[in-house]
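Examining the three-dimensional arrangement
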Amino acid sequence: MAAVSNRLRTVLGQRGVSPDALAEICEVDPKTVSRWLGGRIPHARHRFRVARHLRVEETFLWPEPSKRPGRPRDGLGTELVGTYQNRASVPRDVWLALLREARHEIGVLVFSGTFFAQSNPHVAKMLSERAAEGVRVRLCFGDPGGQAVAVRGREEGIGDTLAAKIRASLTYYRPLLGEVGCGVRLHDTTLYTSMFRYDDNLLVNPHIWGQPASANPLLHLKRAGDTGWFDNYAESFDAVWAAARQWAPDQERNADHGQN
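Since we're looking at a predicted model, the values are computed, not measured. (Residues numbered from 1 in each chain as written. Predicted model: local features only at pLDDT ≥ 70, side-chain atom pairs only at ≥ 80, totals over all residues. Heavy atoms only, no water.)

Where the residue is not glycine, phi is negative for most of them; where a peptide bond is considered, it is trans in most cases. Here Glu27, not a glycine, exhibits a phi torsion of approximately 60 degrees, which is positive. With respect to the helices, strands and loops of the structure, Glu27 is situated in the loop between α2 (19-26) and α3 (30-37). Phi at Asp199 is positive, roughly 55 degrees, even though this residue is not glycine. With respect to the element layout, Asp199 can be found in the loop between β5 (193-198) and β6 (201-206). (Helix = DSSP H or I, 4+ residues; strand = E, 2+ residues; numbered from the N terminus.)

Turning our eyes to something else, we now look at helix α4 (residues 44-54). Taken residue by residue, α4 has His46, Arg47, Val50, Ala51 and Leu54 as its buried positions. For α4, the angular spread of the buried residues around the axis is 130 degrees, confining them to a single face. Of the exposed residues in α4, the ones pointing more than 90 degrees away from its buried face are Arg45 and Arg52. Two residues or fewer after α4 comes Arg55, characterised by a positive phi angle close to 60 degrees. (Buried < 20%, exposed > 50% of the residue type's maximum accessible area, 1.4 Å probe, protein only. Arc of directions from axis to C-beta.)

We now examine the packing of α2 against α3. In contact at an axis separation of 8 Å, α2 and α3 are set at 115 degrees when each is read in the N-to-C sense. Judged by the inter-axis angle, α2 sits roughly perpendicular to α3. The two elements α2 and α3 cross, and the hand of that crossing is right-handed. Along its contact with α2, which presents Pro19, Asp20, Leu22, Ala23 and Cys26, the element α3 presents Pro30, Val33, Trp36 and Leu37. Considered class by class, the residues forming the contact of α2 with α3 number eight nonpolar, no polar and one charged. (Axes fitted to C-alpha atoms, helices over the stretch in contact; angles between N-to-C directions. Parallel < 35°, antiparallel > 145°, perpendicular 65-115°, else oblique. Left-handed = near helix turned anticlockwise from the far one by under 90°. Contact = heavy atoms within 4.5 Å. Nonpolar A, V, L, I, M, F, W, Y, C, P; charged D, E, K, R; others polar.)

What follows is about helix α10 (residues 161-170). Along α10, the positions that sit buried rather than exposed are Leu162, Ala163, Ile166, Ser169 and Leu170. Along α10, the residues classed as buried sweep out an arc of 125 degrees about the axis, all on the same side. Turning to α10, the residues buried within the fold contact α7 (114-118), β3 (136-142), α9 (147-156) and β4 (182-187).

Backbone-to-backbone hydrogen bonds join strands into a sheet, with any given pair of strands oriented parallel or antiparallel. Read from one edge to the other, the open sheet built from eight strands follows the order β1-β7-β6-β5-β2-β3-β4-β8, with strand pairing classed as mixed. Because the sheet does not close on itself, it has two edges, and the strands there are β1 (80-84) and β8 (245-246). Judged from the four bridges that link them, β6 and strand β7 (residues 218-222) form a sheet pairing that is antiparallel. Bridged to Val204 within β7 is Leu219. (Pairing = 2+ DSSP bridges.)

Axis separation between α9 and α10 bottoms out at 8 Å; the angle between their running directions is 120 degrees. When the interaxial angle is binned, α9 and α10 end up oblique. Here Val149, Arg152 and Gly153 of α9 lie close against α10, whose contacting residues are Leu162, Ala163 and Ile166. Across the contact of α9 with α10, the residue classes tally to four nonpolar, one polar and one charged.

This next bit is on the environment of Thr193. Topologically, Thr193 is positioned in strand β5. You can call Thr193 buried: its relative accessible area is 9%. Between the C-alpha atoms of Thr193 and Asn205, which are twelve residues apart in sequence, the distance is 5.3 Å. In this structure, Thr193 is in contact with Leu109, Val204, Asn205, Pro206, His207 and Tyr233, ignoring residues within four places of it in sequence. Within the structure, Thr193 has its side chain in polar contact with the backbone oxygen of Asn205 (distance 3.1 Å). (Polar contact = N/O pair within 3.5 Å; in protein donor to acceptor, adjacent residues only side chain to side chain.)

A few words on the pattern of salt bridges. Charged atoms that come close allow side chains of opposite charge to pair. Tallied over the full model, the rule gives twelve salt bridges. Here Arg138 makes a salt bridge to Asp238, at a shortest N to O gap of 2.9 Å. Of this pair, Arg138 sits in strand β3 while Asp238 sits in helix α11 (residues 229-243); the two residues are 100 residues apart in sequence, bridging distant segments of the chain. For Asp238, a relative accessible area of 33% puts it in the partly exposed group. What emerges from the salt-bridge pattern is a single network uniting Glu105, Arg136, Arg138 and Asp238. (Salt bridge = Lys/Arg side-chain N within 4 Å of Asp/Glu carboxyl O.)

For the rest of this paragraph, the subject is the environment of Leu221. Along the chain, Leu221 falls in strand β7. On the accessibility criterion, Leu221 (0% relative accessible area) is buried. In this structure, the C-alpha to C-alpha distance between Leu221 and Asn201, residues 20 residues apart in sequence, is 5.8 Å. Ignoring anything within four residues of it in the chain, the contact list for Leu221 reads Glu79, Leu80, Val81, Asp200, Asn201, Leu202, Val204, Trp229, Phe230 and Tyr233.

This is how it looks when you write it as C-alpha cells:
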C-alpha cells in the first residue's frame, strides 16, 4: 500500500493542500487523514470527496478500492479501472506515476505522441532511468514517410502536418538510441487506437475518424486474467511492433534530402 499512500501524498503536495485542510474538507479528524497517508483506504464517500477536490481520478489514488460483498464494482468490467472523456483530461500526475512505478514493461504505440514529451520535458531521461533498472522500453511511432500517416493526415484534415509532428516528436527520444533495454521503431499500420502500457496497466486511446487522438476517449485497463481486453490490446501492440522498422535518424535525414 506504500505506492498508493505516496500517490495521495504527492497529489496533496502538488495541489498545495495540507493534510489538515483535507481533513476539514472531508469533515474528518486529522488523525483519519494521517491513516490514509499511512495506507488505509478511506470510505467510499471520502474517496469521492478527496478525488473531486484534488481533481484526480479516484482510481488513480486508490487503484484497488475495497469491494463490498455481493456488489459489483460500479458496473465496470474486472479490467476496466476507469474512463476519461478524452486523453487531454488525464491528469499529468497519472502519466508520471505510472511511468515511475513501472518495473517490467513500458510500451507506447502512437502516430506522433507529441503530448507525451511536451507534457513531460524529462520523459527521455525518465525512460532511460527505467531501462537502466531493467524495464523494457518500446516506443513505436508512425512512419512519417509511410502510407498510414498520409491517410491519417488527410482524414484529420491536416495533410503533411502529421508527418512533421512525428519528426518533431522523435527528436525528444534520440538520446534513447543505443540505450540497453530501449527500442524506438516506426510503423506503417492503420492505427485504430493509441496505447500506453506500464506493466499491467494499459491506457487505451481509441481513434475516431477525422478527429485527433487527444480529443478521443481513453480507457484505463488493468490486467486481471489471460483472456481479457488487456491481453487482446497487448497482443495487437506486439504485432505492430514486430512489423515495425527500427528508427534510424541518419537514414531518415538522407531520405528527406534525396526527395528535395
